[in-house]
Amino acid sequence: MSSPRWVRTAGAIATLSASAMLVSGCSAQAELASEGAPADFVLSGWPMPDWLELPDASTLAGRSDPEGHKPTWFNDVPITQAEVDEVRARGLKAAFVNWDDVPFNKAFEYGADRAFGELGIQVVARTNFEFDAAKASADIQSVLALDPDIILTGVLDTAQWPAILQPAIDAGVTVVLYSQGAEGWRSGEELCTVVDVDTQTFGASVADGIHERYPDGANVGVIRWSFNHPAVVARDKGFLERLATYPNLNVLADVPMDDPNGADAVASAVLTRYPDVEVLYAPWDSPPAEGVLSALRAAGREDIGIATLDLGMTSATEIAADGPIFHASGSGAYEAGRTMAVTASKCALGGESKAEVPPYVIFPAFGANASNLEEAWEYMHGPEIPFPG
């Protein structure tokens, strides 16, 4: 999960500004593929680094929507050239109703755009509802006026989605959700599917990164978002469970963070109460890890390390410069965009193609540090977002 924008105006929530939506000729989508054109990205996916290994999906827990399906890896979802040709012949349109615009989210968009382009699907809208349910509802209503066949979106609470997405379902739109489903709805029925990161590994890799950095042990301060979002809870759980397997990593403090923009105040309080803390867990890159970093610098405590998730601009820059942030877990967000586009296309075809789409599809998570930083960045973000180092 990337970070929400927590400071909003009433006008931003109530209306969808012209700058928030790109349509038709204003779209940055590449030229649509014609019949017979290659579809290598759709058919083969985004190449994984050699060091990235996928755990056996049957061993993974952390399912974050209410249906409780077992996960299927992204590369176990088939698509054939014949299906690509059939999708191209349909002249479909798609919209990406995004929840933020940090690099993580842009990687989703770019991956989906590339796949939709190869599939001959026109992207008629991209919006950013900034984690706000009211704005998400307005965005859905706005994009429906453009008559999309497919909508990609995600992240809100499962109880919020049915009312927001019902107009799209009533219009016969194929919907793929990221992170979790919609309360009372079923994958393969109201929804096409849910695509999610491997949350268990996502959190666990942070603990592994701390152990690698502090093999002789360390006092760990844990800062967790207090919002009970299933995806966040799942990755925090993965982190704490793996941390417990390293007896010399001692959790000195485990404190809530109510506002991700207030992580600096939370970190400052931890430093005051627990001066012996040696490493801090920040729940994601921007703004929490940025706030923790600010607090360390203000206190003159850059000897304390920071480990976080959602490899972004700040964490990549700090890791490259050997700063306090030494680890950031990453994910296959660019591949996830492709996967969402592929599953949506198969569902739009219906029949056997739709039946082949699993109810819950996951993409990889991994640790990133100085040893693999640039390769991790490229795999996560794709070629359109340059490495900041």
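Going along each chain's sequence as written, the residues are numbered from 1 onward. Two thresholds apply to this predicted model, a pLDDT of at least 70 for residue-level local features and 80 or more for giving and counting side-chain atom pairs, whereas whole-chain, interface and lining totals are computed over all residues. Excluding hydrogens and water, the side-chain figures rest on all heavy atoms present in the structure.

Draft legend 1. Here's a closer look at the pattern of salt bridges. When a carboxyl oxygen of Asp or Glu is within 4 Å of a side-chain nitrogen of Lys or Arg, the pair counts as a salt bridge. Enumeration over the complete set of coordinates arrives at 15 salt bridges. Note that Asp 254 and Arg 224 form a salt bridge whose closest N and O atoms lie 2.8 Å from each other. Separated by 30 residues along the polypeptide, Asp 254 in strand S8 (residues 249-257) and Arg 224 in strand S7 (residues 218-225) bring together distant segments of the chain. Residues Lys 346 and Glu 356 are paired through a salt bridge, measuring 2.8 Å at the closest nitrogen-oxygen approach. With Lys 346 in helix H12 (residues 333-349) and Glu 356 in the loop between helix H13 (351-355) and strand S12 (360-363), the pair connects residues that are 10 residues apart, well separated along the chain. Note on classification: 1.4 Å probe, protein chains only; a residue is buried when its accessible area is under 20% of the maximum for its type, exposed when over 50%, partly exposed between these limits. Given a relative accessible area of 0%, Lys 346 falls into the buried group. A helix here means a DSSP run of H or I that spans at least four residues, while a strand means a run of E at least two residues long, and both kinds are numbered starting from the N terminus.

Draft legend 2. Looking closely at the packing of aromatic side chains. Between rings of Phe, Tyr and Trp, where Trp is taken as its six-membered ring, a pair exists when centres lie within 6.5 Å; planes separated by under 30 degrees are stacked, by over 60 edge-to-face, and by other angles tilted. Under the counting rule described, the total for this entry stands at 19 aromatic pairs. Plain terms: the ring middles of Trp 225 and Phe 227 are 5.0 Å apart, the flat faces sit at 55 degrees to each other, and that makes the pair tilted. Under the relative-accessibility criterion, Trp 225 is labelled buried at 6%. Accessibility expressed as a relative area gives 41% for Phe 227, which makes it partly exposed. These aromatic residues form a ring-pair network of at least three members: Phe 96, Trp 99, Phe 104, Phe 108, Tyr 178 and Phe 363. The ring of Phe 41 is capped by Arg 114, whose NZ or CZ atom sits 4.4 Å from the centre of that ring. For a lysine, the NZ atom is tested; for an arginine, the CZ atom; a charge sits over a ring if that atom is within 6 Å of the ring centre and within 35 degrees of the ring normal.

Draft legend 3. The arrangement of helix H6 (residues 161-170) in detail. Taken together, the buried positions of H6 are occupied by Trp 161, Pro 162, Ile 164, Leu 165 and Ala 168. For H6, the arc enclosing every buried residue in end-on projection is 155 degrees, short of the 170-degree limit, so these residues lie on one face. More than 90 degrees from the buried face of H6, the exposed residues found are Ala 163 and Asp 170. Two residues or fewer after H6 comes Gly 172, characterised by a positive phi angle close to 80 degrees. Regarding the arc, it is the one traced by the directions from the helix axis to the C-beta atoms.

Draft legend 4. Structural context of the environment of Tyr 178. With respect to the helices and strands, Tyr 178 occurs in strand S5 (residues 174-178). Separated by 125 residues in the primary sequence, Tyr 178 and Asp 303 place their C-alpha atoms 37 Å from one another.

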